[in-house]
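Chain by chain, the residues:
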Amino acid sequence: MSGAGENNERRSGQGRGGNAGGGRDGQGRSGGTRRGSRGSGGSDRRDAAGRQRHRGQGDGPRQYGTLNPSERARTADPSRAAAYEVLRAVQDDDAYANLALPAAIRRHGLDKRDAGFATELTYGALRGLGRLDAVIAMCTDRKLKQIDPNVLDALRLGTYQLLDMRVPAHAALSATVALTRDKVGAGAGGFVNAVLRRVSERETEEWDAAIVDAAKDETARLSVLTSHPEWIVRALRGALTTHGREAAELPELLEADNAAPVVNLVALPGLGDIEALEEAGAVRSELVPGALLAEAGGDPARLPGVDAGAARVQDAGSQLVARALAGAELPAGDRDVAWLDMCAGPGGKAALLGALAAERGAHLEANEVAQHRAKLVVEGMRAVEQDAWHVEVGDGRRYGKEAPGFFDRIMLDAPCSGLGALRRRPEARWRKQPSDIPALSALQEELLLAGLDALRPGGVLAYVTCSPHPAETLAVVEAVLHRRKDVRLLDTGAAVDSAALPATVAATRPADATIGSDTGSSVQLFPHAHGTDAMFMALLTRD
Ligand SMILES: C[S@@+](CC[C@H](N)C(=O)[O-])C[C@H]1O[C@@H](n2cnc3c(N)ncnc32)[C@H](O)[C@@H]1O
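Bear in mind the structure is a predicted one, so any value in this text is a computation, not a measurement.

Peer 1: I'm lost on the pattern of salt bridges in this one. Help?
Peer 2: Pairs can form between side chains of opposite charge once their charged atoms are near each other. The final tally for this structure, using the stated rule, is 33 salt bridges. Measuring nitrogen to oxygen at the nearest pair gives 2.7 Å for the salt bridge that ties Glu-85 to Arg-107. Here Arg-107 lies in helix H2 (residues 97-107) and Glu-85 lies in helix H1 (residues 78-93), a separation of 22 residues in the sequence. Overall, the relative accessible area of 55% leaves Arg-107 in the exposed class. Salt bridges sharing partners connect three or more residues here, namely Arg-88, Asp-92, Asp-133, Asp-153 and Arg-156.

Peer 1: It is not clear to me how the nonpolar core should be interpreted in this structure. Could you clarify?
Peer 2: Generally speaking, soluble globular proteins have nonpolar side chains that are buried together. Core analysis: the largest hydrophobic core is formed by 56 residues, its most contacted members being Leu-155, Leu-157 and Val-199. Trp-339, Ala-344, Ala-362 and Met-535 belong to the second-largest nonpolar core, a separate cluster that totals 47 residues.

Peer 1: Looking at this model, I keep getting lost on the pairing of strand S8 (residues 363-368). Mind explaining?
Peer 2: A regular strand carries its side chains on alternate faces of the sheet. Counting buried positions over the six residues of S8 gives five, a clear majority of the element. Between strand S7 (residues 338-341) and its parallel partner S8, the chain crosses via helix H14 (residues 348-360), and the hand of that crossover is right-handed. When S8 meets strand S9 (residues 389-393), the two strands line up parallel, connected through five bridges. Among the inter-strand pairings, Leu-364 is bridged to a residue of S9, identified as Trp-389. Since S8 and S9 lie parallel, the crossover through helix H15 (residues 371-380) that links them has a hand, and here it is right-handed.

Peer 1: How do you make sense of the site of the ligand when you look at a structure like this?
Peer 2: Looking at the ligand, there are 18 residues lining it, with Gly-348, Glu-368, Arg-373, Gly-396 and Asp-413 nearest. Separating an oxygen atom of the ligand from a backbone N or O atom of Gly-345 is a distance of 2.9 Å. Note that an oxygen atom of the ligand is positioned 2.9 Å from one of the backbone N or O atoms of Gly-348. Taken by itself the ligand offers 610 Å² of open surface, and the protein chains cover 85% of this. Counting only elements with at least two residues in the shell around the ligand, the list comes to H14 and S8.

What counts as what
- Residues numbered from 1 in each chain as written.
- Predicted model: local features only at pLDDT ≥ 70, side-chain atom pairs only at ≥ 80, totals over all residues.
- Heavy atoms only, no water.
- Salt bridge = Lys/Arg side-chain N within 4 Å of Asp/Glu carboxyl O.
- Helix = DSSP H or I, 4+ residues; strand = E, 2+ residues; numbered from the N terminus.
- Buried < 20%, exposed > 50% of the residue type's maximum accessible area, 1.4 Å probe, protein only.
- Core = buried A, V, L, I, M, F, W, Y, C linked by side-chain atoms within 4.5 Å.
- Right-handed = clockwise from strand over helix to strand, strands pointing away.
- Pairing = 2+ DSSP bridges.
- Near = heavy atom within 4 Å.
- Polar contact = N/O pair within 3.5 Å; in protein donor to acceptor, adjacent residues only side chain to side chain.
- Areas by Shrake-Rupley, 256 points an atom, 1.4 Å probe, with all protein chains shown as cover.

Below is the structure:
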């Protein structure tokens, strides 16, 4: 967001015909966003979960508008209206915030600065829902379930501004009351005003201490403080320890899910122009060749090569696993022409694998079960030489019977819970259920068995998930190794190290986990450790 660091706070109630609060455009921002701070200046400190806390305006009394609620604005300001509409669409229509928000920004004609404010507010409130609700629940006698969902969403937005954004209290209150009056009705405005006043009576750190005090155990404490459902906290703790890391890293991992990820780009090998992307402000990744970090706040669609498909947005972890598969030594035989991406949609890894296949004289078959996602694969590969790839639509499980022993390299990026990409999908953590996992594990195992049947003896298959959940990662590989005595786990850690940039290998060497083999290893990346999505990869071969 532009204007970080400047202080636009105006005196409360000052001459506003419209929205309360300051800022050149009536957002009430004092520039930038922060966690645990209201006002400028003050010292920083870390909280129990290791979060950086910026001490706010200190011990002085909070400032409020002098107007009483009935005299305040009745019209929502466009940025908050956009954020509110996205929250409503997520709750009511199962919308995805990353699709609904750009549409809301366009609908309200927000400029760059307002779009930045709306984005921080929307994503922050969606990610932080659990913690915000815990605070709201302490400020009203009503049970949250009894509050009109429209009003509850307005309260979440107001509470997020009070606790976690650089918005003066009077502005957060007045603007949220105006939003509520506009979107819900005048009566609801009074209730929202009363609840938010209570929220604003304590500093962020005090609220965090209060919700932690109310938590029954460590899992509940981390759950409420970092806004993750308890089952996900448990799953991620299990993921850390199962993949050879320390349980003590859990708060850091949970916090990494709450940080807005830097947009990563891939310059497709032989097609993307890395220098042109650098000139446009992107910075080379230290983790993977050909990967770049986009400049904050820019529009990736405008970067050189993106329009033509030669460069695209792709997490560095995804790039790393695709490159590790392409670069892995084939355990036997030298035929290396038939590559398969079994579950390719929307096509990020297929585009990179296709470009690598084109350079190596191989051919990539990219398969996807959903027609609309297969179309995205075709679009994503438009820059890659036509002869080097084609797209198929169908269930990946058919390959075992249809193409036994045919492929030299197979990418199986299996459908999964996506628990490794929570930072990208702010609403996802509240939509997933633990009951989703067994069906996913069963499908993953079937796909893996089919992929192994389609692999030629001595070929290499990458089993990949964007989830670190042990039931979707090691347990699936273990089950298959148990059933298939002709299958071996390869040294995935070594393959990932060779695909990563040499200067960073030592720093990024992921935890190994051996599964029923002395030499084999799998790799689990984590956002807090590697700055990537939590991708899992196991390379397998068969006799
Ligand atoms: C994790 S995503 C793949 C992401 C992709 N590799 C990329 O990098 O963009 C999994 C994909 O598998 C597809 N899928 C689900 N079940 C499938 C099946 N039985 N056969 C093939 N594809 C399937 C989903 O529609 C989804 O597009």
